[in-house]
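Here's the letter readout for the chains.
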Amino acid sequence: MIRSGRLRRRRPPYGGRRDTILLSPVILTVLVASLAFATPRQIAFSRLLPAAPALAAAMWPVLATVLLGAFCLLVMIGLSFVYSDLGTPYTAAAIVAVTLAAAYASHLRLQREEALFQVRLVADAAQKVLLRPLPRCIQHVEIESLYLAAQEQARIGGDFYEAVDTPYGVRLLIGDVRGKGLSAVGAASAVINCFRENVYDQPDLMGIIHRLEISLARYSAATPAQDRPEHFATALIAEIRHDSGHARILNCGHPPPVLVRHGEIQILEPSLPSPPLNLATLLGNHYYVDTIAFTSGDQMLLYTDGVTETRDRTGTFFPLPEWMRQHGPTPPRELLDRLHQDLLHYSGGRLDDDIAALAVRCRRSEARERSA
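All values reported here derive from a predicted model rather than from experimental measurement. (Residues numbered from 1 in each chain as written. Predicted model: local features only at pLDDT ≥ 70, side-chain atom pairs only at ≥ 80, totals over all residues. Heavy atoms only, no water.)

A few points about the overall build of the protein
Turning to step 1, where the next piece is worked out: Summing up its helical and strand segments, the protein has twelve helices and twelve strands in all.
Turning to step 2, where the next piece is worked out: In the protein, which comprises 372 residues, the proportion classed as buried is 48%.
Turning to step 3, where the next piece is worked out: Taking the contacts inside the protein whose residues are at least 6 apart along the sequence as the reference set, 71% of them involve residues at least 24 apart. (Helix = DSSP H or I, 4+ residues; strand = E, 2+ residues; numbered from the N terminus. Buried < 20%, exposed > 50% of the residue type's maximum accessible area, 1.4 Å probe, protein only. Contact = heavy atoms within 4.5 Å.)

Remarks on helix H11 (residues 332–347)
Because an α-helix packs 3.6 residues into every turn, residues spaced three or four apart end up facing the same way.
Turning to step 1, where the next piece is worked out: Compared with an ideal rise of 1.5 Å per residue, which puts 16 residues at 22 Å, H11 spans 22 Å between its outermost C-alpha atoms and is within 8% of the ideal.
Turning to step 2, where the next piece is worked out: For H11, the complete set of buried residues consists of Pro 332, Arg 333, Leu 335, Leu 336, Asp 337, Leu 339, His 340, Leu 343, Leu 344, Tyr 346 and Ser 347.
Turning to step 3, where the next piece is worked out: Once H11 ends, the next one or two residues include Gly 348, with phi positive near 70 degrees. (Expected span 1.5 Å × (residues − 1).)

So, the side chain of Glu 239
Turning to step 1, where the next piece is worked out: Inspection of the secondary structure puts Glu 239 in strand S6 (residues 233–240).
Turning to step 2, where the next piece is worked out: Residue classification places Glu 239 among the buried residues on the basis of a relative accessible area of 0%.
Turning to step 3, where the next piece is worked out: Of note is the side chain of Glu 239, whose polar atom sits 2.7 Å from the side chain of Arg 171.
Turning to step 4, where the next piece is worked out: Dropping the residues within four chain positions of it, Glu 239 is found in contact with Tyr 168, Val 170, Arg 171, Leu 205, His 246, Ala 247 and Arg 248. (Polar contact = N/O pair within 3.5 Å; in protein donor to acceptor, adjacent residues only side chain to side chain.)

Let's talk about the packing of aromatic side chains
Turning to step 1, where the next piece is worked out: Enumeration according to the criterion identifies two aromatic pairs in this entry.
Turning to step 2, where the next piece is worked out: Both rings, one in Phe 318 and one in Trp 323, keep their centres 6.2 Å apart while their planes meet at 50 degrees; by these two values the pair is tilted. For the pair Phe 318 and Trp 323, a shared accessibility class is recorded, and that class is buried.
Turning to step 3, where the next piece is worked out: Look at Phe 318 and Tyr 346: their rings are 5.3 Å apart centre to centre, the planes differ by 85 degrees, and that puts the pair in the edge-to-face class. Here Tyr 346 lies in helix H11 and Phe 318 lies in the loop between helix H9 (305–308) and helix H10 (320–327), a separation of 28 residues in the sequence.
Turning to step 4, where the next piece is worked out: Taken together, the aromatic side chains of Phe 318, Trp 323 and Tyr 346 make up a single cluster linked through ring pairs. (Phe/Tyr/Trp six-rings, centres within 6.5 Å; stacked < 30°, edge-to-face > 60°.)

Looking at the confidence of the model for the protein
Turning to step 1, where the next piece is worked out: Taken residue by residue, the protein gives an average pLDDT of 85. The fraction at 70 or more is 89%.
Turning to step 2, where the next piece is worked out: Below a pLDDT of 50 lies the segment residues 1–15, which in the model reaches 46 contacts outside its immediate sequence neighbourhood of four places, other chains included.
Turning to step 3, where the next piece is worked out: Across residues 366–372, confidence stays below pLDDT 50; counting only partners more than four residues off in sequence or on other chains, it has nine contacts. (pLDDT = per-residue confidence, 0-100.)

Quick word on a nonpolar patch on the surface
Turning to step 1, where the next piece is worked out: Nonpolar side chains collect at one region of the surface, where Phe 37, Leu 74, Ile 77, Phe 81 and Val 82 lie side by side and expose about 540 Å² of accessible area between them.
Turning to step 2, where the next piece is worked out: Here the element with the most residues in the nonpolar patch is helix H4 (residues 62–82); it accounts for four residues.
Turning to step 3, where the next piece is worked out: Position of Phe 37 relative to the elements: it lies in helix H2 (residues 24–38).
Turning to step 4, where the next piece is worked out: Classification of Phe 37 as partly exposed rests on a relative accessible area of 42%. (Patch = residues over 30% accessible without salt bridge, like charges linked within 9 Å, V, L, I, M, F, W, Y side chains within 5 Å. Areas by Shrake-Rupley, 256 points an atom, 1.4 Å probe, with all protein chains shown as cover. Salt bridge = Lys/Arg side-chain N within 4 Å of Asp/Glu carboxyl O.)

Details of the pairing of strand S4 (residues 159–166)
Turning to step 1, where the next piece is worked out: Here S4 lies mainly inside the structure; seven of its eight residues are buried.
Turning to step 2, where the next piece is worked out: Where S4 lies against strand S5 (residues 169–177), eight bridges are found, and the strand directions are antiparallel. Its bridge partner being in S5, Glu 162 is matched across the sheet by Leu 173.
Turning to step 3, where the next piece is worked out: Between S4 and S5, which pair antiparallel one after the other, the connecting turn spans two residues. (Pairing = 2+ DSSP bridges.)

Encoded structure:
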């Protein structure tokens, strides 16, 4: 089930063939034994029996692997009663040796799988802290989220988002740290934790962005010098006030949101550019806030560049504005579900970057808007 704020994972590669794959050592054993009994002794298919426990070590537990090896040994002994000159002692010794080696390999595999499972539990916990599930509705604002990792086994990355109900309105954050790996995750954590701490106290978006700038700069200064060039981030903060039909947006080098109003699509480009986080010393610390109308029925899509930079086989970027024109009036949850499916289909299931998105819709009543 797809839920708000949860990491989206693609289907396992085996799909419905998983049971067949798990039974492949048995199938191989039966096939080799049948051929050994049904063909002339000169072909000696029985020499392939050690392959069955070797294959089982890749997917079975230790006991099952040993039992399969014992069964293969019994099959070989049975063949010796039919064909007396098969070289049974040598094949039997090979089965025993391969079975013992396979049992040890199975033991090592299970240990590594357990260690990987524990690592994934820690990664899942870290992902829930960094990208905690968002409330589906704050006051009059519906909010749905999507996070899609580029690597199939990944849990977290450098993309981040947050939504908080404050005395100043519903405040949203979405951003993308340059780079990948633990360095990008740490930088994203510094930014989002700073946002959570200051979003309630700062009366305007300028104050919040300055705090985020300082937080990322301090984090960058505390890391090894070779990693510092990666520590800058694009970010966008939106504020939807409770008492008016307007939203304020501060865009720091981030992809512009898409606004859907009465079926029409509008790309909310900033009137003046603001520098990405941790680049103010190079580009200047001049930030600009735009105000837009955001009334009942309006919907806004906030996203990271992983959406618009998704390519198909010909290298063509994903056409987000055209896609939004086809799905504009769709409810937020359904919109993100379709975006998830269409991005995977467009890229052939191979994403080059993490993807984060927020779909926000205003549900304020018309009477309240007129009174405001």
